Amino acid sequence: MSGDIAAPVPATLEEGSSGRSDRLPLLAIVTDAETESVLREALVEAVPAGIVVRRGDIRLAIATMQKMPTPRTLIVDVSGDERALVLLGDLSQVVEPDVRVLVVGDQANVNFYRQVTRGLGALEYLYKPLTCDMVARHFLPLITRQAHAPEGMHGGRVLTITGARGGVGATTIAAHLAWNFGVSARRHTLLLDPDLHMGSAALLLDAKTSPGLRTALEAPQRIDELFVERAAQPVSGRLHVLAGEERLTEQPVYAPGAARQLVEALRRAYNFIVVDVPFAPMELNRDLLDLAHQRVLVTHPTLPGVRDTLPCWRCPTGRCSRAAPSWCSIGWA
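Just so you know, these numbers come straight off a predicted model, no measurement behind them. (Residues numbered from 1 in each chain as written. Predicted model: local features only at pLDDT ≥ 70, side-chain atom pairs only at ≥ 80, totals over all residues. Heavy atoms only, no water.)

Enquirer: Please provide a residue-by-residue account of the sheet that holds strand β3 (residues 73-77), values included.
Expert: As summarised here, the arrangement of the 5 strands in space is β2-β1-β3-β4-β5, forming an open sheet in which the pairing is parallel. Each end of this open sheet is capped by a strand with a single partner; those strands are β2 (52-55) and β5 (124-127). Taking each pair of neighbouring strands and ignoring which way they run, the sheet shows an average axis angle of 15 degrees. Note that β3 and strand β4 (residues 100-105) share 5 bridges and pair parallel. Considered in β4, the bridge of Val 76 is made with Val 103. (Pairing = 2+ DSSP bridges. Helix = DSSP H or I, 4+ residues; strand = E, 2+ residues; numbered from the N terminus. Axes fitted to C-alpha atoms, helices over the stretch in contact; angles between N-to-C directions.)

Enquirer: Pulling in residues and values, what's your account of the environment of Thr 131?
Expert: Within the fold, Thr 131 resides in the loop between β5 and α6 (132-143). Measuring from C-alpha to C-alpha, the distance between Thr 131 and Glu 41 comes to 9.6 Å, with 90 residues separating the pair along the chain.

Enquirer: Got a sec to walk through helix α7 (residues 170-184)? Specific residues and values, please.
Expert: The end-to-end C-alpha distance of α7 is 20 Å, a good match for the 21 Å that 15 residues give at a rise of 1.5 Å each. Every buried residue belonging to α7 is among Ala 170, Thr 171, Ala 174, Ala 175, Ala 178, Phe 181 and Gly 182, and all of these are buried. End-on view of α7: buried residues confined to an arc of 130 degrees, all on one side of the axis. Opposite the buried face of α7, by more than 90 degrees, sit the exposed residues His 176 and Ser 184. Just past α7, the residue Arg 186 takes up positive phi, approximately 55 degrees. (Expected span 1.5 Å × (residues − 1). Buried < 20%, exposed > 50% of the residue type's maximum accessible area, 1.4 Å probe, protein only. Arc of directions from axis to C-beta.)

Enquirer: Which residues make up helix α12 (residues 283-291), and what are the values?
Expert: Residues Leu 284, Asn 285, Asp 287, Leu 288, Leu 289 and Leu 291 constitute the buried set of α12. As for α12, its buried residues are in contact with β6 (157-163), β7 (189-193), α9 (212-218), α11 (258-267), β10 (272-276) and β11 (294-298). (Contact = heavy atoms within 4.5 Å.)

Enquirer: Please provide a residue-by-residue account of the packing of helix α4 (residues 84-92) against helix α5 (residues 110-119), values included.
Expert: One can describe the packing of α4 onto α5 by two numbers: an axis separation of 11 Å at closest approach and a directional angle of 10 degrees. With respect to their mutual orientation, α4 and α5 come out roughly parallel. Contacts between α4 and α5 involve Ala 84, Leu 85 and Leu 88 on the former and, on the latter, Phe 112, Gln 115 and Val 116. (Parallel < 35°, antiparallel > 145°, perpendicular 65-115°, else oblique.)

The values are spatial; any link to function lies outside them.
In structure tokens, the structure reads:
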């Protein structure tokens, strides 16, 4: 492994960042000295001494990203690996979703390029041998953010956990699932508890609550990456909790569409968002269920439990689809 080159972060890379000081502006992990030399020469003037270069392959990149904060821009070399696409998919599971990934390889193949950029979400792919002109023309605008990332960024997945009846253990399952993702599997994970009055998800993980969740739901125009970073409370290096603890005498006003803006911001920062959706017919809860990629219903193995679960199980949007709304015990109809 070659020596690292590190220095103060240039201003061009600070713009639009989340404000975190623990993220490198640029990390390159490449397999050979020639590629390393070209990257240094092409980028050193535009990113003065703000580059960290390490010698290694895609497997080293995965192992490195499991142990350190994700850089804002990551250059990774997939040369000589027959499982490059599979390993790039594995890499996407251990980096924060807002990272800008640039790929270097040895395959001059259009189909490979499309799979890397369109299928896996990398911003650009260049094949060897690299030249300074290639790097300056295709990589540099993306590194300095003079070129915008394409729409439709691959964000984190949203999973909702809902109890068909109260007291079935949905919050416990949500907390354990988030712990498994964030601590055991080391994926960037957030546990969201939208119950501002009676929520207990933060308590189960011994995490702090904050007024940030209420602010997000009442004033979604204030939601951005920095807001999410400050509102989410850390449990471990890759597990955070976003929860509130409001007085029962206060009733926050939910702004329509706030859930969507909040979830979109969270998906840019976390690989998994586990949501403990309360057992209550509220607009916020319905919106969260609509935004979920996967919905988990929890119930007791009893006749009342089955009765309350069946309407929700048949409804693909979280709302009761039966003709008689009285069948739905949660009141989605």
